[in-house]
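# Descriptive structure summary
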Amino acid sequence: MIGGGEIVGQNVFVRAEVALDDGARLPVLAMGPLCIAPARQRQGLGKRLLDFTLTRAAELGHGAVCFEGNIAFYGKSGLRLASTFGLRYHGLPPGADASFFLAKALKPGYLDGLSGEYTPPAPYFVCEREPEAFEAFEATFPPREKLRLPGQLF
């Protein structure tokens, strides 16, 4: 919130895990979406919100965060290509472009020396699991023109 109680952004975290190649499971946080109200974009609020929420997640004891995003923006807050940690994105064949898949250790060394596969948590797939329910939910909102804005990955 900003002065006056105006909500101008959000960042969502969901518990997730990495299936390590040795059979173990590594708890991580999935992050996103991070968004800022259109009228307040390009003012540095997204980075401030990102940095604050990453710090807060670390303070709460979480070890790492995984995210699908643009390294040009998120790299400024310490996220790196997840492949540098030995993490693969679920369903991608070896050698496929995974430059969208980012990670950050929130505890020093938490991601060191690992190899494993990250799968986004189930809540991110509601459209794929229950398309009819999703369409019914979407129909409760006024129609909107779908736009492609700068910074969108897809």
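Heads up: the structure comes first, above all this text.
What this report covers is the structure whose coordinates are included nearby. Small disclaimer: the values here were computed from a predicted structure and weren't measured.

## Re the sheet that holds strand E5 (residues 87–89)
The sheet built from seven strands is open, its strands ordered E4-E6-E3-E2-E1-E7-E5 with mixed pairing. Strands with a single pairing partner mark the edges of an open sheet, and in this sheet they are strand E4 (80–81) and E5. Where helix H1 (residues 45–59) meets the sheet, its contacts fall on strand E1 (9–20), strand E2 (25–36), strand E3 (64–68) and strand E6 (101–105), and the angle it forms with E2 comes to roughly 155°.

## Some remarks on the environment of Gly113
Tracing the chain through its elements places Gly113 in the loop between E6 and strand E7 (116–118). By relative accessible area, which is 86% here, Gly113 ends up exposed. Considered as a pair, Gly113 and Glu6 are 107 residues apart in the sequence and their alpha carbons are 43 Å apart.

## Brief notes about the packing of aromatic side chains
Within this structure, the stated rule accounts for six aromatic pairs. Between Tyr89 and Phe101, the aromatic rings sit 5.2 Å apart at their centres with planes inclined by 65°, giving edge-to-face as the arrangement. Of this pair, Tyr89 sits in strand E5 while Phe101 sits in strand E6, placing them twelve residues apart in sequence. Consider the rings of Tyr89 and Tyr118, whose centres lie 6.1 Å apart with planes at 45°: the pair is tilted. One end of the pair, Tyr89, is in strand E5; the other, Tyr118, is in strand E7, and 29 residues separate them in sequence. Of the two residues examined, Tyr89 and Tyr118, each falls in the buried class.

## Re the nonpolar core
Core analysis: the biggest nonpolar cluster contains 18 residues, and Val28, Leu87, Phe101 and Tyr118 have the highest contact counts within it. Listed by contribution, the elements that provide at least two residues to this core are E1, E2, E3, E5 and E6. A per-element tally of this core places E1 first, with four residues. For Tyr118, the contacting residues outside a window of four places in its chain are Ala16, Glu17, Val18, Val28, Ala30, Cys66, Glu68, Arg88, Tyr89, His90 and Phe101. One finds Val8, Met31, Leu34 and Ala57 within the second-largest nonpolar core, a separate group that totals 16 residues.

## Here we look at the pattern of salt bridges
Scanning the entire structure with this criterion turns up five salt bridges. When the shortest N-O distance is used, the salt bridge between Asp21 and Arg88 registers 2.8 Å. Of this pair, Asp21 sits in the loop between E1 and E2 while Arg88 is found in strand E5, placing the two residues 67 residues apart along the sequence. Across the pair Glu59 and Arg56 runs a salt bridge, and its minimum N-O distance is 3.3 Å. With Glu59 and Arg56 both in helix H1, this residue pair falls three residues apart, about one helical turn. Taking the relative accessible area as the measure of exposure, Glu59 reaches 55% and is therefore exposed. On the basis of relative accessible area, Arg56 is assigned to the partly exposed category, the value being 39%.

So, how was this worked out
Residues numbered from 1 in each chain as written. Predicted model: local features only at pLDDT ≥ 70, side-chain atom pairs only at ≥ 80, totals over all residues. Heavy atoms only, no water. Pairing = 2+ DSSP bridges. Helix = DSSP H or I, 4+ residues; strand = E, 2+ residues; numbered from the N terminus. Contact = heavy atoms within 4.5 Å. Axes fitted to C-alpha atoms, helices over the stretch in contact; angles between N-to-C directions. Buried < 20%, exposed > 50% of the residue type's maximum accessible area, 1.4 Å probe, protein only. Phe/Tyr/Trp six-rings, centres within 6.5 Å; stacked < 30°, edge-to-face > 60°. Core = buried A, V, L, I, M, F, W, Y, C linked by side-chain atoms within 4.5 Å. Salt bridge = Lys/Arg side-chain N within 4 Å of Asp/Glu carboxyl O.

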